[in-house]
There are 2 protein chains.
Amino acid sequence: MTQPIYPTYPPNLNEEQAQFLLTNLKDWSIAHGLAVRPAPAFVSASQDPSGVLAATAPVTLFPSLFPRHCFEEGFAIQKAYNELYAAIARDEDWLKSIVEELLKVDDFVAKLWHVHLDVKKEGYVQDLTLGLFRSDYMVHMDPSESNAKPQIKQVEFNTIASSFGGLSTQVSALHKYLLSVDAYPADLGAFVKQDALPQSQSVPSLAAGLAASHRAYGSSRSSNPLCVLFVVQDPERNIFDQRHLEYSLTDSGVRSFRVLFSKVLSYTKLDSDRNLIYTSPHAPGKLYEVTTIYYRAGYSPDDFPTEGEWTARLHLERSRAIKCPSILLQLAGCKKVQQVLATPHSPHLARFLPNETTAARVLKTFAPIYPMDKSEAGLEARRLATNPETAQRYVLKPQREGGGNNIYRGAIPPFLSKLPESHWPAYILMEMIEPPAQNNVIIRNGEVQKGGVICELGIYGACLWKNGDGAGSPGQILENREAGYLLRTKGNQSEEGGVAAGFGAVDSCCLVEV
Amino acid sequence: MTQPIYPTYPPNLNEEQAQFLLTNLKDWSIAHGLAVRPAPAFVSASQDPSGVLAATAPVTLFPSLFPRHCFEEGFAIQKAYNELYAAIARDEDWLKSIVEELLKVDDFVAKLWHVHLDVKKEGYVQDLTLGLFRSDYMVHMDPSESNAKPQIKQVEFNTIASSFGGLSTQVSALHKYLLSVDAYPADLGAFVKQDALPQSQSVPSLAAGLAASHRAYGSSRSSNPLCVLFVVQDPERNIFDQRHLEYSLTDSGVRSFRVLFSKVLSYTKLDSDRNLIYTSPHAPGKLYEVTTIYYRAGYSPDDFPTEGEWTARLHLERSRAIKCPSILLQLAGCKKVQQVLATPHSPHLARFLPNETTAARVLKTFAPIYPMDKSEAGLEARRLATNPETAQRYVLKPQREGGGNNIYRGAIPPFLSKLPESHWPAYILMEMIEPPAQNNVIIRNGEVQKGGVICELGIYGACLWKNGDGAGSPGQILENREAGYLLRTKGNQSEEGGVAAGFGAVDSCCLVEV
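Quick caveat, the model's predicted, so the values are computed rather than measured.

Below, the discussion takes up the overall build of chain A. Of the regular secondary structure elements, chain A holds 16 helices and 21 strands. Its C-alpha radius of gyration of 23 Å places chain A within 12% of the 24 Å reference for a compact globule of 514 residues. Within the span of chain A, comprising 514 residues, buried residues form 61% of the whole. The long-range fraction of contacts in chain A, counting pairs at least 24 apart against all pairs at least 6 apart in sequence, stands at 76%.

This brings us to the environment of Asp118(A). Residue and element names in this part refer to chain A. Position of Asp118 relative to the elements: it lies in helix H5 (residues 107-122). When its relative accessible area of 37% is taken as the criterion, Asp118 is described as partly exposed. In this structure, the C-alpha to C-alpha distance between Asp118 and Leu314, residues 196 residues apart in sequence, is 7.9 Å.

Here we take up unusual backbone geometry. Apart from glycine, the bulk of residues carry a negative phi angle, and the bulk of peptide bonds sit in the trans form. Cis geometry marks the peptide bond from Asp234(A) to Pro235(A), where omega comes out at 0°. Cys324(A) connects to Pro325(A) through a cis peptide bond whose omega is 5°. Along the chain, the position of Pro325(A) falls in the loop between strand E12 (322-324) and helix H11 (327-332). Although it is not a glycine, Asp182(B) sits at a positive phi angle of roughly 60°. On the secondary structure map, Asp182(B) appears in the loop between helix H6 (165-180) and helix H7 (202-216).

A few words now on the packing of aromatic side chains. Summed over all chains, the structure comprises 48 aromatic pairs over all chains. Every member of this aromatic cluster is reached through a ring pair, and the members are Tyr81(A), Tyr85(A), Phe133(A), Tyr137(A), Phe157(A), Phe366(A) and Trp465(A). When the ring centre of Tyr217(B) is taken as origin, the NZ or CZ atom of Arg221(B), which lies over that ring, is 5.3 Å away. For Arg313(B), the ring lying beneath its charged end belongs to Tyr295(B), and the centroid distance is 4.2 Å.

So, about the interface of chain A and chain B. Taken together, the 47 residues of chain A in the interface contact 47 residues of chain B. Both faces considered, chain A and chain B share a buried interface measuring about 3,800 Å² in area, 55% of it formed by carbon and sulfur atoms. Of all residues in chain A, Val52(A), Tyr247(A) and His282(A) give up the largest surface area on contact with chain B, accounting jointly for 18% of the area buried on that side. Inspection of the region where chain A meets chain B yields 8 salt bridges. Across the salt bridge formed by Asp27(B) and Arg243(A), the nearest N and O atoms sit 2.9 Å from each other. At the junction of chain A with chain B, the criterion picks out 31 residue pairs in polar contact (both at pLDDT 80 or more). Those elements that place two or more of their residues in the side of chain A that touches chain B are helix H1 (15-31), strand E2 (53-56), helix H6 (165-180) and helix H8 (239-251) of chain A. The residue makeup of the side of chain A that touches chain B, split by class, is 22 nonpolar, 16 polar and 9 charged. Two strands pair when backbone bridges link them, and E2(A) and strand E2 (residues 53-56) of chain B are joined in this way by 3 bridges, in the antiparallel orientation. Its bridge partner lying in E2(B), Leu53(A) is registered against Ala55(B).

On to the relation of the copies chain A and chain B. Least-squares fitting of chain A to chain B yields an RMSD of 0.0 Å, with the superposition described by an axial translation of 0.0 Å and a rotation of 180°. Considering both components of the superposition, the chain copies are consistent with a two-fold axis.

This part takes up helix H15 (residues 376-386) of chain B. Residue and element names in this part refer to chain B. Listed in full, the buried residues belonging to H15 are Gly378, Ala381, Arg382, Leu384 and Ala385. With its buried residues spanning 165° around the axis, H15 presents them on a single face. Facing away from the buried side of H15, by more than 90 degrees, are the exposed residues Glu376 and Arg383.

All right, on to the UniProt feature "domain: Glutathione synthase substrate-binding" (unreviewed entry) in chain A then. With numbering matched to this structure, UniProt assigns "domain: Glutathione synthase substrate-binding" (unreviewed entry) to residues 227-332 of chain A. Span residues 227-332 of chain A is 33% helix and 28% strand, its end C-alpha atoms 27 Å apart.

Residue and element names in this part refer to chain B. Two numbers describe how helix H4 (residues 92-103) lies on helix H12 (residues 335-342): the axes approach to 10 Å, and their chain directions differ by 115°. Crossing hand, H4 versus H12: right-handed. Contacts between H4 and H12 pair Trp94, Leu95, Ile98, Glu101 and Leu102 from the former with Lys336, Val337 and Val340 from the latter. When its residues are assigned to classes, the contact of H4 with H12 shows 6 nonpolar, no polar and 2 charged.

What counts as what
- Residues numbered from 1 in each chain as written.
- Chains lettered and ligands numbered in written order.
- Predicted model: local features only at pLDDT ≥ 70, side-chain atom pairs only at ≥ 80, totals over all residues.
- Heavy atoms only, no water.
- Helix = DSSP H or I, 4+ residues; strand = E, 2+ residues; numbered from the N terminus.
- Rg over C-alpha atoms; globule rule 2.2 N^0.38 Å.
- Buried < 20%, exposed > 50% of the residue type's maximum accessible area, 1.4 Å probe, protein only.
- Contact = heavy atoms within 4.5 Å.
- Phe/Tyr/Trp six-rings, centres within 6.5 Å; stacked < 30°, edge-to-face > 60°.
- Lys NZ or Arg CZ within 6 Å of the ring centre and 35° of its normal.
- Buried area = accessible area lost by both parts, 1.4 Å probe.
- Salt bridge = Lys/Arg side-chain N within 4 Å of Asp/Glu carboxyl O.
- Polar contact = N/O pair within 3.5 Å; in protein donor to acceptor, adjacent residues only side chain to side chain.
- Nonpolar A, V, L, I, M, F, W, Y, C, P; charged D, E, K, R; others polar.
- Pairing = 2+ DSSP bridges.
- Least-squares fit on C-alpha atoms with pLDDT ≥ 70 in both.
- Arc of directions from axis to C-beta.
- UniProt positions renumbered as here; feature names shortened; annotations may be inferred.
- Axes fitted to C-alpha atoms, helices over the stretch in contact; angles between N-to-C directions.
- Left-handed = near helix turned anticlockwise from the far one by under 90°.

Pasting the structure below:
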């Protein structure tokens with residue numbers, strides 16, 4: 001937290017103002033599916049055995065202030081980021097050099113890699129890949145500069161199961177609605193106004209990405225109708241986030257189904273041409289050929305409780321369906337990749353983004369990231385991380401996707417002292433991003449909490465490409481678009497994000513000139 | 001209940017089919033605001049003090065079968081019905097002759113009438129009236145005919161607070177969605193198909209009625225911005241039904257506010273020109289001039305617990321705002337009016353609908369209705385109602401709006417024996433409509449109930465007119481449209497409708513040729 005750059009915000013509300021705002025917010029949210037299934041601690045399964053209850057999703061009462069030029073920069077470079085990760089996922093040799101280091105220390109990465117090797121041995125039968133990405137940023141104010149201009153710094157780049165695209169379209173519409181009915185005090189009008197509140201187009205844009213993949217798959221080879229398959233977790237409290245994408249897909253004429261990751265082997269099979277055939281349990285006589293596998297599960301080791309899930313993943317990867325993402329694209333999302341790109345003076349970015357201007361612009365969004373290995377940069381990182389004083393400016397992150405296991409600042413040295421040194425390379429050390437101080441009000445589970453917050457901007461991207469042929473062709477990008485945004489806001493006393501996990505709220509931007 | 005006319009329906013579902021249907025239904029309903037606030041017995045106020053929870057509205061799992069020609073006839077005559085009730089509300093002398101009889105026995109009607117007289121004494125300052133109507137029908141099979149063709153018979157005509165227009169658009173979209181994702185077994189395809197499932201346009205059409213009134217009001221006389229005012233009950237569990245209309249109005253650029261009936265005198269005032277000025281408690285400095293008062297309260301004596309509500313009603317009626325409905329239009333909705341029109345050989349219909357063909361078509365939808373007074377028809381009714389055998393084919397209804405107090409069949413004679421004869425004219429006697437047997441499955445509060453059902457078709461109408469000048473001009477209809485439909489379905493063991501009151505579900509039509 002650094003010096004304040006924003007106007008005083010949000011205002012204190014009197015009782016009538018708070019009631020008007022909350023009543024309108026609660027009714028609008030349910031009327032428009034800005035909702036979650038209630039947590040078991042809020043509504044027990046025995047109270048609502050058939051699951052008809054829902055609650056307003058955790059949201060902010062006000063759109064959070066966000067520097068306009070930072071927001072615009074995030075959008076401006078999203079296609080370059082899409083291109084970058086599409087290039088990484090196509091460069092197996094490079095990716096192998098990165099992953100190899102992790103194989104011994106990260107069992108999850110190792111198993112994913114072996115799924116890839118198994119499919120490769122047999123030969124891939126699909127050369128298209130779909131990426132639905134989200135690049136997450138925080139606004140950073142360099143604490144060493146007295147007149148620092150705010151800039152965005154990347155927190156992480158998600159290549160699998162990028163969530164909240166469904167709800168973020170709704171929450172930006174909610175805040176615009178609340179403004180339109182004067183639920184925000186009139187004296188905010190100088191900066192809280194409709195053209196300062198960008199409408200996130202994440203729902204139609206992400207659905208358009210899936211639809212583009214569906215069309216690019218071509219016609220059915222098995223003579224069955226085509227569908228997109230959502231591979232999902234159970235239970236899923238954040239179900240409406242996914243459903244909004246499904247409904248948008250349905251509206252565009254694309255059929256989709258949901259299958260639990262644990263049931264993939266029961267309801268799908270490969271035919272002799274490795275077409276992926278799906279049968280819904282409710283209509284066992286009707287077969288569908290899957291064009292696109294959209295993973296909303298499989299990003300964390302928790303999704304693989306038994307060997308059965310690994311068998312299922314291999315089964316899906318072997319198929320002709322387009323994967324969103326493929327194994328290689330999922331691995332491209334490793335923190336290790338982010339670290340290698342963001343290590344100062346790294347040569348790698350230029351390899352994937354030959355355009356120097358573009359590469360420089362992307363580079364500016366990296367916060368310094370160090371490996372925890374025995375390279376020169378790694379040894380420097382180890383010094384910074386084990387010293388309680390210097391550790392204060394850093395966060396230690398596991399290579400894996402998912403969040404929830406980051407070690408912050410003063411907690412790093414004691415954590416490392418208990419961890420065998422051989423496991424240190426499973427982590428990366430990243431300079432903390434120092435966001436400007438700001439406040440907001442969050443409602444979650446019906447509780448209203450006001451205070452200091454930290455905002456994370458996610459820019460979605462949709463990218464469809466053809467892989468290289470292994471014989472010199474570098475492949476080709478067929479579709480590349482930015483796909484709306486998410487603002488995710490959490491109390492600044494917590495260090496973790498993740499609205500569904502219980503630490504934050506979905507939000508939208510009120511753009512300000514700072 | 002008479003002989004079956006429909007195919008066997010709905011089908012029995014196996015566990016997988018039921019789960020697929022219910023999961024899709026529950027998710028779609030919340031994602032699209034087909035919801036209600038949960039009943040206190042389901043979720044207590046202490047569990048959810050800020051009211052963020054909502055539940056799937058009570059709905060049928062399948063669209064109910066409904067004869068196509070009956071559905072079409074309801075739509076075909078709705079404009080005539082609008083015209084009829086607009087004419088009745090403009091004919092004060094005629095209405096007075098009807099109401100006068102009730103004044104001594106129905107305190108509620110008497111008080112409404114006196115509000116009218118008070119305003120009349122001072123002089124009305126608004127000559128436009130808006131009606132948002134719902135004409136409710138059941139399919140009737142004459143039990144005395146062996147090959148009776150199903151026809152619609154009117155249950156009642158609502159001139160105030162016609163509800164479920166918001167949810168009925170959603171429920172017909174729900175059933176069409178469920179069909180589109182093959183949630184209904186494929187062998188139903190012979191008759192359950194998209195073009196047999198009419199989409200109810202009640203939300204946009206009712207909102208268009210309110211918007212037409214808002215525009216017809218003209219420009220502000222008080223130099224304040226204009227708004228529509230929803231006068232509502234507290235608490236309102238069926239809030240989303242109303243909110244969908246508000247959001248549709250907002251989308252068409254018309255500002256609206258909600259005010260509790262009990263708070264009308266706190267937040268509105270009449271200026272010296274009797275313009276109705278509304279101030280929201282959350283922004284006391286901002287004044288609005290009300291163009292249209294839309295009553296979603298005030299239709300039942302329960303809404304007037306103190307003299308304060310009568311003062312508020314007089315206050316609103318005195319204003320220049322267009323009322324939906326005016327006192328006279330509300331009174332036109334008395335059962336007594338329906339009875340007078342439907343008494344065999346009544347001359348009244350011709351008075352209001354001079355076109356003979358139109359009048360004959362409307363007449364065909366009346367079930368025989370008798371007064372309970374001492375006229376010739378009334379004496380006949382008393383004989384029928386007090387004889388336990390003949391009473392079996394009748395229902396005794398109070399003149400008042402609202403439902404919940406009907407006396408059916410065998411219960412009529414003992415009821416009348418306890419009621420002083422002087423109070424009998426507060427009721428009308430109506431021949432029971434005998435609907436064909438049919439089944440459906442209802443989900444409410446998470447409980448799934450399957451069995452015989454009774455369906456009630458409501459056709460909405462929107463009508464805006466100019467009253468006569470009292471000096472010979474009969475007035476003029478400015479807008480007249482049908483405005484979508486509602487199908488309301490209840491278990492056939494219950495005799496009362498009213499989904500919000502806890503006895504039924506919202507439904508949509510699957511039109512069949514019978």
